[in-house]
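Now for the letters of each chain:
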Amino acid sequence: MPVEHELVPSTLIVTGAGRGIGLATVRATMSRGLQVYGLDIHVPEDVPRGDQGPSWHDVDVADEQQVQSFFADHVKPGSVGGLVNCAGAVERTSITDADVAEWERMLAVNLSSAFLVIRQFVAYAAAPAAIVNVSSVNAHYGHPERLGYAVAKGGAEALTRATARQLADRGIRVNTVVPGAIATQMTPDKATGHRCLLRRCGEPEEVADAITFLLSPKASYITGSTLHVDGGLGLR
């Protein structure tokens, strides 16, 4: 039997839902009885579908028109209670070799997408509601070869704080989860895990559990906060 999550309305939107932390979040929240819209630009064939899976939608969340169309076509006002901004992409760039196109793509996928989706979500959300933005430990120590990614994720954390202030009176909480070295496609060097205090990479499901907590009524007095799920990497 699914565990009652108590998010009301019990409908959630997850971006970047097709793999990694996003997919783990879809599975974790559905197992707790939530209805989920999964948004991604490439949904793998092996993900759950139909009655056993979320409602999948091929949406580039860095594209304003696609985001607007998704909400207008599929979401009813007052019908959603949660949003997880998990869409992301990484490119190896530094200040000396990054071109403008790479820089703008990193900002679009990792920061502007969250802005675009939150702006629409607010118009369709019930109250109370909760938003979780997924950042990265790179935002805190400034990875020299992930310039655009690190800057964009830092911006996502600032977006959390600003929107938490603005949306509190509407009954919408906004928080950030900061994953460290997680065993996904975005962490090709699994040796990074040995630099954590816990001496291993985290699993996507461990981050999904933190996200699920922040969405739930158990976190009803938490907003504008940052929760690190990094095995102590940030202390090294």
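Right, let's walk through the structure included here. Note that the coordinates shown come from a computational prediction; the quantities given were computed from them, not determined experimentally. (Residues numbered from 1 in each chain as written. Predicted model: local features only at pLDDT ≥ 70, side-chain atom pairs only at ≥ 80, totals over all residues. Heavy atoms only, no water.)

Overview of the environment of N85
Inference 1: Tracing the chain through its elements places N85 in strand β4 (residues 80-85).
Inference 2: Among the residues examined, N85 registers a relative accessible area of 6% and is labelled buried.
Inference 3: Contact partners of N85, with chain neighbours within four places excluded, come to T15, A114, V117, I118, I131, V132, N133 and V134.
Inference 4: Of note is the side chain of N85, whose polar atom sits 2.9 Å from the side chain of N133. (Helix = DSSP H or I, 4+ residues; strand = E, 2+ residues; numbered from the N terminus. Buried < 20%, exposed > 50% of the residue type's maximum accessible area, 1.4 Å probe, protein only. Contact = heavy atoms within 4.5 Å. Polar contact = N/O pair within 3.5 Å; in protein donor to acceptor, adjacent residues only side chain to side chain.)

Some thoughts on unusual backbone geometry
A negative phi angle characterises most non-glycine residues, just as the trans form characterises most peptide bonds.
Inference 1: In this structure, P128 follows A127 across a cis peptide bond, with omega equal to 5°.
Inference 2: Tracing the chain through its elements places P128 in strand β5 (residues 125-134).

Considerations on the pattern of salt bridges
Inference 1: Under the definition given, this model contains four salt bridges.
Inference 2: Between R32 and D209 there is a salt bridge; the shortest N-O distance is 3.9 Å. Highlighted residues: R32 in the loop between α1 (20-31) and β2 (35-40) and D209 in helix α6 (residues 204-215), separated in sequence by 177 residues.
Inference 3: By relative accessible area, D209 is classed as partly exposed at 41%.
Inference 4: The shortest N-O distance in the salt bridge between E64 and R119 comes to 2.6 Å. Here the residue E64 occupies a position in helix α2 (residues 64-74), and R119 occupies one in helix α3 (residues 100-124), the gap between them amounting to 55 residues.
Inference 5: Of the residues examined, E64 reaches a relative accessible area of 38% and is grouped as partly exposed.
Inference 6: Residue R119 is classed as partly exposed on the basis of its relative accessible area of 38%. (Salt bridge = Lys/Arg side-chain N within 4 Å of Asp/Glu carboxyl O.)

A word on the packing of α1 against α6
Inference 1: Two elements in contact, α1 and α6, have axes separated by 8 Å at closest approach and are oriented at 55°. The angle between α1 and α6 places the two elements in the oblique class. Crossing hand, α1 versus α6: right-handed. Counted together, G20, I21, A24, T25, A28 and T29 of α1 and P204, E205, V207, A208, I211, T212 and L215 of α6 form the full contact between these two elements.
Inference 2: Of the residues assigned to the contact of α1 with α6, the class counts are eight nonpolar, four polar and one charged. (Axes fitted to C-alpha atoms, helices over the stretch in contact; angles between N-to-C directions. Parallel < 35°, antiparallel > 145°, perpendicular 65-115°, else oblique. Left-handed = near helix turned anticlockwise from the far one by under 90°. Nonpolar A, V, L, I, M, F, W, Y, C, P; charged D, E, K, R; others polar.)

Examining the nonpolar core
Inference 1: Ranked by internal contacts, the top residues of the largest apolar core, which has 27 residues, are I13, F70, F71, V80, F121, I131 and I172.
Inference 2: Counting residues per element, the ones that place at least two in this core are β2, α2, β4, α3, β5, α5 (147-167) and β6 (172-179).
Inference 3: Looking at which element gives the most residues to this core, the answer is α3, with seven residues.
Inference 4: Sequence-distant contacts of F71, that is, excluding residues within four places in its chain, are made with I13, V117, Q120, F121 and Y124.
Inference 5: By size, the runner-up hydrophobic cluster in this structure holds 23 residues, among which are I21, V26, V134 and L214. (Core = buried A, V, L, I, M, F, W, Y, C linked by side-chain atoms within 4.5 Å.)

Quick look at the side chain of T11
Inference 1: Mapped onto the fold, T11 is located in strand β1 (residues 11-15).
Inference 2: According to the relative accessible area criterion, T11 is buried, its value standing at 10%.
Inference 3: Setting aside chain neighbours within four positions, we find T11 in contact with Q35, Y37, S79, V80, G81 and G82.

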